[in-house]
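A closer look at the structure
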Amino acid sequence: MSSTTVEVLFFASAREAAGTSSASITMDDSEGAADTKLLRMCHSLLLDKSKTLIACNIRAKLASTYPKLASLVQDEESITLAVNAEYVAVGETKILRNGDTVALIPPISGG
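Below: a short report on this structure. All values derive from a computational prediction rather than experimental measurement.

A word on the overall build of the chain
- When you go through the chain residue by residue, the secondary structure sums to 4 helices and 5 strands.
- The order of helices and strands in the chain, counted from the N terminus, is β-α-β-α-α-α-β-β-β.
- The proportion of buried residues among the 111 residues of the chain is 37%.
- Considering only intrachain contacts with a sequence separation of at least 6, the fraction spanning at least 24 residues in the chain is 54%.
- In the form shown here, the chain has an accessible surface area of approximately 6300 Å², with 53% of it arising from carbon and sulfur atoms.

Below you can see the structure in the form of structure tokens.
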């Protein structure tokens, strides 16, 4: 079984909920593969479900690792992901690779 390790950066309310500004997260490639809740959470429907699982697995892993972050990270509208400084659109999937940097960016407001 292989695994993928990524660096996760937490910003604003995500940082407060996680209690840290960054973390190294390792996921087994098969982690969550049989989790139907994960499939429902990742509502983008692709013919290749393994790509959906790989892309959405980081949200599930972060929710289980940081319970106070779960409600934010499981809602694609609450937290925007960026992978290697490129935003990931709602419903878009990305395959994470060793050494990638994933940023959790809450909505930005202001005047």
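Structural notes on the packing of aromatic side chains
- Counted by the stated rule, this structure contains 1 aromatic pair.
- Ring centres 5.3 Å apart and planes at 70° place the aromatic pair F10 and Y66 in the edge-to-face group. Separated by 56 residues along the polypeptide, F10 in strand β1 (residues 3–10) and Y66 in the loop between α3 (49–65) and α4 (70–73) bring together distant segments of the chain.
- Look at Y66 and you get buried, because its relative accessible area is 15%.

Some thoughts on the side chain of D100
- Along the chain, D100 falls in the loop between β4 (86–88) and β5 (101–105).
- Salt bridges are absent for the buried D100, whose nearest opposite-charge side chain, R97, sits at 5.7 Å.
- For D100, the side chain forms a polar contact with the side chain of N84, separated by 3.0 Å.
- Excluding residues within four positions of it along the chain, D100 makes contact with T5, V6, E7, V83, N84 and I95.

What to know about the nonpolar core
- Ranked by internal contacts, the top residues of the largest apolar core, which has 23 residues, are V8, F10, I25, I58, L62, L69 and L104.
- Only β1, α1 (12–18), β2 (22–28), α3, α4, β3 (80–83) and β5 provide two or more residues apiece to this core.
- Residues within four places of L69 in sequence aside, it is in contact with F10, A14, A17, A18, L62 and L104.

Some remarks on unusual backbone geometry
- The phi angle at A12 is positive, at roughly 50°, despite the residue not being glycine.
- Structurally, A12 is set in helix α1.
- Judged by its relative accessible area of 37%, A12 is partly exposed.
- Positive phi values are uncommon outside glycine, yet A85 reaches one of about 70°.
- With respect to the secondary-structure elements, A85 resides in the loop between β3 and β4.

The rules behind these values
Residues numbered from 1 in each chain as written. Predicted model: local features only at pLDDT ≥ 70, side-chain atom pairs only at ≥ 80, totals over all residues. Heavy atoms only, no water. Helix = DSSP H or I, 4+ residues; strand = E, 2+ residues; numbered from the N terminus. Buried < 20%, exposed > 50% of the residue type's maximum accessible area, 1.4 Å probe, protein only. Contact = heavy atoms within 4.5 Å. Areas by Shrake-Rupley, 256 points an atom, 1.4 Å probe, with all protein chains shown as cover. Phe/Tyr/Trp six-rings, centres within 6.5 Å; stacked < 30°, edge-to-face > 60°. Lys, Arg positive; Asp, Glu negative; His and termini not counted. Salt bridge = Lys/Arg side-chain N within 4 Å of Asp/Glu carboxyl O. Polar contact = N/O pair within 3.5 Å; in protein donor to acceptor, adjacent residues only side chain to side chain. Core = buried A, V, L, I, M, F, W, Y, C linked by side-chain atoms within 4.5 Å.

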